[in-house]
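# Remarks on the overall topology
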Amino acid sequence: MSVPSDIEIARAASMRPIGEIAAKLGLPEDSLEPYGRTKAKIALDRVPGLADKPDGKLILVTAMTPTPAGEGKTTTTVGLGDGLNRIGKKAVMCLREPSLGPCFGQKGGAAGGGYAQVVPMEDINLHFTGDMHAIGAAHNLLSAMVDNHIYWGNSAGLDARRVTWRRVVDMNDRALRDIVSSLGGVTNGFPRQTGYDITVASEVMAILCLADSLEDLQRRLGQIVVGATREGEYVTARDLKADGAMAVLLRDALMPNLVQTLENNPAIVHGGPFANIAHGCNTVLATKTGLKLGDYVVTEAGFGADLGAEKFFDIKCRKAGLSPVAAVVVAAVGCGAAIGGDAAKVKIPTAAGNYITRDWAGTTVTVSTGTSTPGSSTTATVDVAIQDALAYADTVAHFLAELELKKFAGAGSHWDDLT
């Protein structure tokens, strides 16, 4: 069976003008700031009566601890959203924006896969609407103001040895992780050790994703701690009068981005902090906007249920007042292999209660007696007393293995139409 690659599928997509996608959500044309024919930002202040609309139902997609390549949260999110629209429900998918670092690294893009993608896939995975660049600019503006403040008298008393605010670049560049800056003489400032993080690891990204207005964004930016004085007192972005300038740079980035799936259903792709250093969810504004515009919002949280989902519940939901009605846990066979300590092999439970052990290419190696409880990985989700659903993700490479697991657990498959 020959299946086209993700990029071949995306390039063959029949995309509709973004105005048509917006019309499905009842968004007036005046509320769109188009970025070409198939993507646009939503100017929320130009959507009449938005705040007065009732909220739809929120569904979270999370996963078992994933492998380095990811295990299909975005694919499942898009597939579930498309499925809900197919049966007549008004569903909106709210996803995170990709980072160029992973896109050009081992993991690759973050726009879904197969026939469950958001498009234009290449645009979304690359520069998109410029949000990532704006976040990097705002972060590095503060970095420049820190060094400039020290150079021009240092009225805040910032100790150059205690500066904690680094710089960012949206790329995997290990040579910049630890550097010495301000070399080259007196006019270049005071030399000190610093470094670069990836843009999605910036506190500015996390702040953008939690802010619910431009004023709230500036308030949060002002609270960023950039370092300390010799006496150990914190110095903030507000002390350096950087918060207003940073907020101005992020004005357009605060507006949610509207795109579409391969089936021409609406998707809001906005924000993307890493879940290992931040909360791993798209913006509060995107999720709240989706809830006002649709009957259902399907969203995702980064990494596994023990990380991204925990932070989704403990940080995003608590801060934004969100209450999900259901969670989908992606439990792919590759996850089971990695969690079991053997990334080269995977154990697939059968209906008879045995394990079929396959290597990554799908060759049967051994059969041994055992039991399996796929649902046990959903403990973190059950703890918050919401409805559970198990979804088993597939790739063509382990398609047959997934079907075996599906028969055992009675779970759903993205490939049901092939069985």
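Residues numbered from 1 in each chain as written. Predicted model: local features only at pLDDT ≥ 70, side-chain atom pairs only at ≥ 80, totals over all residues. Heavy atoms only, no water.

Take the overall build of the protein chain next. The helix and strand tally for the protein chain stands at 14 helices and 21 strands. Within the protein chain, the fraction of its 419 residues that count as buried is 51%. When contacts within the protein chain are restricted to residue pairs at least 6 apart in sequence, those whose partners lie at least 24 apart make up 66%. When the accessible area of the protein chain is evaluated, it comes to approximately 18,900 Å², of which 54% is carbon and sulfur surface. (Helix = DSSP H or I, 4+ residues; strand = E, 2+ residues; numbered from the N terminus. Buried < 20%, exposed > 50% of the residue type's maximum accessible area, 1.4 Å probe, protein only. Contact = heavy atoms within 4.5 Å. Areas by Shrake-Rupley, 256 points an atom, 1.4 Å probe, with all protein chains shown as cover.)

The next point concerns the confidence of the model for the protein chain. Across the protein chain, the average pLDDT comes to 83, with 78% of residues at or above 70. Across residues 343-419, where pLDDT falls below 50, the model places 142 contacts with residues more than four positions away in sequence or in other chains. (pLDDT = per-residue confidence, 0-100.)

Helix length check: helix 3 (residues 73-86) (14 residues) gives 20 Å between terminal C-alpha atoms against 20 Å at 1.5 Å per residue, within 8%. Listed in full, the buried residues belonging to helix 3 are K73, T74, T76, T77, V78, G81, D82, L84 and N85. Just downstream of helix 3, G88 is the residue with a positive phi angle, here 95 degrees. (Expected span 1.5 Å × (residues − 1).)

For the rest of this paragraph, the subject is the pairing of strand 13 (residues 257-261). Burial of strand 13 is extensive: 5 of the 5 residues sit out of reach of the surface. As defined by bridge partners, strand 2 (residues 40-42) adjoins strand 13 across 2 bridges and the pair is classed as antiparallel. The partner of K41 across the bridge, within strand 13, is N257. Where strand 6 (residues 116-119) meets strand 13, 2 bridges bridge the pair, whose relative direction is antiparallel. (Pairing = 2+ DSSP bridges.)

The next thing to look at is the nonpolar core. Counting 32 residues, the largest nonpolar core has L142, V204, L221, I224, V226 and L250 as the members making the most contacts within it. Those elements giving two or more residues to this core turn out to be helix 6 (131-151), helix 7 (203-210), helix 8 (214-222) and helix 9 (243-249). The biggest single contributor to this core is helix 6, with 7 residues. Once residues lying within four places of it in the same chain are set aside, the contact partners of V204 are I135, A138, H139, W165, L221, I224, M246 and L250. Judged by nonpolar contacts, the second largest core, of 31 residues, contains L27, I268, V297 and A320. (Core = buried A, V, L, I, M, F, W, Y, C linked by side-chain atoms within 4.5 Å.)

Attention now goes to the environment of K241. Considering the arrangement of structural elements, one finds K241 in the loop between strand 12 (234-236) and helix 9. When the C-alpha atoms of K241 and G222 are compared, they prove to be 8.0 Å apart, with 19 residues separating the residues in sequence.

Our next topic: the packing of aromatic side chains. Within this structure, the stated rule accounts for 2 aromatic pairs. Taking the centre distance of 5.1 Å and the plane angle of 80 degrees together, the rings of Y151 and W152 count as edge-to-face. When the centroid spacing of 5.5 Å and the interplanar angle of 75 degrees are considered together, the rings of F312 and F313 count as edge-to-face. Neither F312 nor F313 differs from the other in exposure class; each is buried. (Phe/Tyr/Trp six-rings, centres within 6.5 Å; stacked < 30°, edge-to-face > 60°.)

Where helix 7 meets helix 8, the closest approach of the two axes is 9 Å, and the angle between their N-to-C directions is 150 degrees. The handedness of the crossing between helix 7 and helix 8 is right-handed. Here V204, I207, L208 and L210 of helix 7 come into contact with helix 8, specifically with D216, L217, R220 and L221. Of the residues belonging to the contact of helix 7 with helix 8, the class tally is 6 nonpolar, no polar and 2 charged. (Axes fitted to C-alpha atoms, helices over the stretch in contact; angles between N-to-C directions. Left-handed = near helix turned anticlockwise from the far one by under 90°. Nonpolar A, V, L, I, M, F, W, Y, C, P; charged D, E, K, R; others polar.)

Residue position: T62 is located in strand 3 (residues 57-63). Of the polar contacts made by the side chain of T62, one reaches the backbone nitrogen of A305; its length is 3.3 Å. (Polar contact = N/O pair within 3.5 Å; in protein donor to acceptor, adjacent residues only side chain to side chain.)

Here the focus is the pairing of strand 6. Residues A116 and V118 line one face of strand 6 and the alternating positions Q117 and V119 line the opposite face, and both faces are buried. Where strand 5 (residues 112-113) folds back onto strand 6 in an antiparallel hairpin, the turn is made up of 2 residues, including G114, whose phi is positive at roughly 60 degrees.

Turning to the packing of helix 6 against helix 7, a few remarks are in order. Contact pair helix 6 / helix 7: the axes reach a minimum separation of 9 Å and the direction vectors enclose 120 degrees. One way to sum up the angle between helix 6 and helix 7 is to call them oblique. At the point where helix 6 passes helix 7, the crossing takes the right-handed sense. Counting all contacts with helix 6, which are made through M132, I135, A138 and H139, the residues of helix 7 involved are V204, M205 and L208. Residues of the contact of helix 6 with helix 7, tallied by class, amount to 6 nonpolar, 1 polar and no charged. (Parallel < 35°, antiparallel > 145°, perpendicular 65-115°, else oblique.)

With that settled, the discussion passes to the pattern of salt bridges. Summed over the entire model, instances satisfying the criterion amount to 18 salt bridges. Notably, a salt bridge pairs D147 with R167, separated by 2.9 Å at the nearest N-O pair. Here the residue D147 occupies a position in helix 6, and R167 occupies one in strand 7 (residues 167-169), the gap between them amounting to 20 residues. Note on accessibility: D147 and R167 belong to one class, buried. Two residues, R219 and D216, come together in a salt bridge whose shortest N-O distance is 2.7 Å. Here the residue R219 and the residue D216 both occupy positions in helix 8, the gap between them amounting to 3 residues, near one helical turn. The exposure class of R219 is partly exposed, given its relative accessible area of 38%. Salt bridges sharing partners connect three or more residues here, namely D30, E33 and R46. (Salt bridge = Lys/Arg side-chain N within 4 Å of Asp/Glu carboxyl O.)

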